[in-house]
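# Topology and contacts: notes
The residues making up each chain are set out below.
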Amino acid sequence: MTLVIKGLNKTFPKERDKLTAIQDFNLEVKDEEFVCVLGPSGCGKTTLLRIIAGLETKTDGSIQLDGKEIIGPGSDRGMVFQEFALFPWRSTRKNIEFGLEIRKISAKEREKIAQKYIDLVGLRGFENSHPYELSGGMKQRVGIARALANEPKVLLMDEPFGALDAQTRNLMQKELLRIWKETKKTVIFITHSVDEACYLADRIVVMTSRPGTIKEIFDIEWERPRDRASVEFATLRKKILAELEREVDRFSTEIASSSSGD
Amino acid sequence: MNAQTKGFSAWLKITKNRDRLQTFVFGLIAVVVFIAVWALAADFLDIVYLPGPLQVFDAFITSFSQPDPSMGTTMWQNIWASLQRFLYGFLIAFIVAVPLGLVMGFSRKIELLTKPIVEIFRPIPPIAWVSLFLIALGLFWGPIVVIFIGVFFPLLSNIIFGVKSVDRYLIDAAKTLGAKRLQVFIKVIFPATVPYIMTGITIGLGIGWMCIVAAEMVSVFGGGVGYYIYINGQIGRFASMYGGMVVIAILGIITVGLSRFAENRLSKQMGMK
């Protein structure tokens, strides 16, 4: 699997003007890589992910998955949402089977595949529970299993642990790394948490404030599991935080000067 | 289920029972006070069009055992005739409103095309159509179509609202799982709208009964509670007229209650409450 993004631009119409959300974004994601995209809020990182998912159209540029241009949503890219987006009327098993039903896989085969992913994400015993009976962490386990059951080439995660409490969040990060190792999936993970990115990623892509483009890319080659208390972890975190802060400052001064100029 | 959730559901059950008891007690107080005030007012005012609760109760009971002198039908026959009319009108409204509402909520173009027509007809009271329908459609279908009009619009609005309230992320999730437009409609929009359809049915049932007198104002095809109320009011048998109203109230409470029960049950079963 290779995902190549070249010269990506995205503008939204805004009254008489237009709003540039993403400008000249270039990135190549390698097979089995874990990439975190980090940026201040409103930098267009979620828009970027939605364009890769095919849920949003691009204005310019190209995104190719294994040499094929992405033109709409498809089961070769699985997505995990911050809002979980589970079908409330479907049980855990039925939620996981959704994509398989769409692909017209037989009921027997569906059940086998669903069970495999239920076991993978640690939801054995909750197969027949409905989303409202599950905690936030468990809901997101269903979300991950549902996306993986389709065997996508790449897993797109949009701040998947953003709605969870700190402890559940740390646990889910550990679980995600385990699942990632077992399934050998390529992951593109959107977050605004520097800590989360440093803990998870092979590569951290730091984005600028609007219009969003790449500010800097950090390669992290440390062993996993990573120690959050280590000196190198703290040093990297501090460095990235400083970058982000500069971005936020630059953006707010820009807004202040542009609105006073009106 | 672990011990904690078991404890929680037990606590929930106790609170629920307490809630139910309170609902019942307060409801009973309201009814008793209402009847008492009615009895006192009837006694005190002593006017012909306000008979006391006992007179109405008497007329109510008699209407079931003896045929009405001006109609020749018993209340059982009237109820049966009205209920049939009601069900036909309701069913036709349901069959038309559900697919139309789903499609109108889903496709912007279809909504833009149909909405002006719907908005023109919506505010017209069902009773305005009565004479036309009876002449054009006859004594059997005329009243049914009046009920249909009454039920159709609230049901339609609820379904359109339901489709528009479907969580955008559910549609996105379905798309990323490979669903095409039609599959999104069948597998996401429709199930997500079911609770709204059920609410629409409950509201539609209530409004349907409001139209029954209008629907039966002229027709006597096999009797009808609406006609019973109308004719007894016309000839000044007010106790019987009120007795007919009590019958409509009871029919309304039963049908709306059943519908609300089904609504809650279904939402719960679907994991949406």
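Check the entry above for the structure.
Before going into details, it helps to say that this report is about the structure given with it.

Criteria and thresholds
- Residues numbered from 1 in each chain as written.
- Chains lettered and ligands numbered in written order.
- Predicted model: local features only at pLDDT ≥ 70, side-chain atom pairs only at ≥ 80, totals over all residues.
- Heavy atoms only, no water.
- Salt bridge = Lys/Arg side-chain N within 4 Å of Asp/Glu carboxyl O.
- Helix = DSSP H or I, 4+ residues; strand = E, 2+ residues; numbered from the N terminus.
- Buried < 20%, exposed > 50% of the residue type's maximum accessible area, 1.4 Å probe, protein only.
- Contact = heavy atoms within 4.5 Å.
- Pairing = 2+ DSSP bridges.
- Axes fitted to C-alpha atoms, helices over the stretch in contact; angles between N-to-C directions.
- Phe/Tyr/Trp six-rings, centres within 6.5 Å; stacked < 30°, edge-to-face > 60°.
- Lys NZ or Arg CZ within 6 Å of the ring centre and 35° of its normal.

## Considering the pattern of salt bridges
Residues and elements named next belong to chain A. Per the stated rule, a full pass over the model turns up 29 salt bridges over all chains. The partner of E33 in a salt bridge is R203, and the shortest N-O contact between them spans 2.5 Å. Residue E33 is located in the loop between β2 (17–29) and β3 (34–38), and its partner R203 is located in strand β9 (residues 203–207); the two are separated by 170 residues in the primary sequence. Judged by relative accessible area, E33 falls into the buried class, the value being 6%. Using a relative accessible area of 9% as the deciding quantity, one classes R203 as buried. Across the salt bridge formed by R250 and E247, the nearest N and O atoms sit 2.8 Å from each other.

## Points about the environment of I149 of chain B
Residues and elements named next belong to chain B. Mapped onto the elements of the fold, I149 is located in helix α5 (residues 130–164). C-alpha of I149 to C-alpha of R122: the two residues are 27 residues apart in sequence and 8.6 Å apart in space. Contacts of I149, omitting those with residues within four sequence positions, involve P126, W129 and F133.

## Some details on the sheet that holds β2 of chain A
All names here are of chain A. What the four strands build is an open sheet, ordered β2-β1-β4-β5; its pairing is antiparallel. Each having just a single partner strand, β2 and β5 (68–69) make up the two edges of the open sheet. Note that strand β4 (residues 60–65) and β5 share two bridges and pair antiparallel. Counterpart to L65 in the pairing with β5 is K68. Together, β1 (3–14), β2 and β4 form the strand contacts of helix α1 (residues 45–53), whose direction differs from that of β1 by roughly 115°.

## Quick word on the packing of aromatic side chains
Tallied over the entire structure, the rule returns 22 aromatic pairs over all chains. Taking 6.1 Å as the distance between ring centres and 45° as the angle between the ring planes, the aromatic pair formed by F34 of chain B and W38 of chain B counts as tilted. Here W38 of chain B and F34 of chain B lie together in helix α1 (residues 3–45), a separation of four residues that amounts to about one turn. Among the aromatic residues, those joined into a cluster by ring pairs are F34, F161, W180 and F189 of chain A. Cation over ring: R228 of chain A sits above Y199 of chain A, and NZ or CZ is 4.1 Å from the ring centre. The side chain of R168 of chain B reaches across the aromatic face of Y169 of chain B, ending 4.8 Å from its centre.

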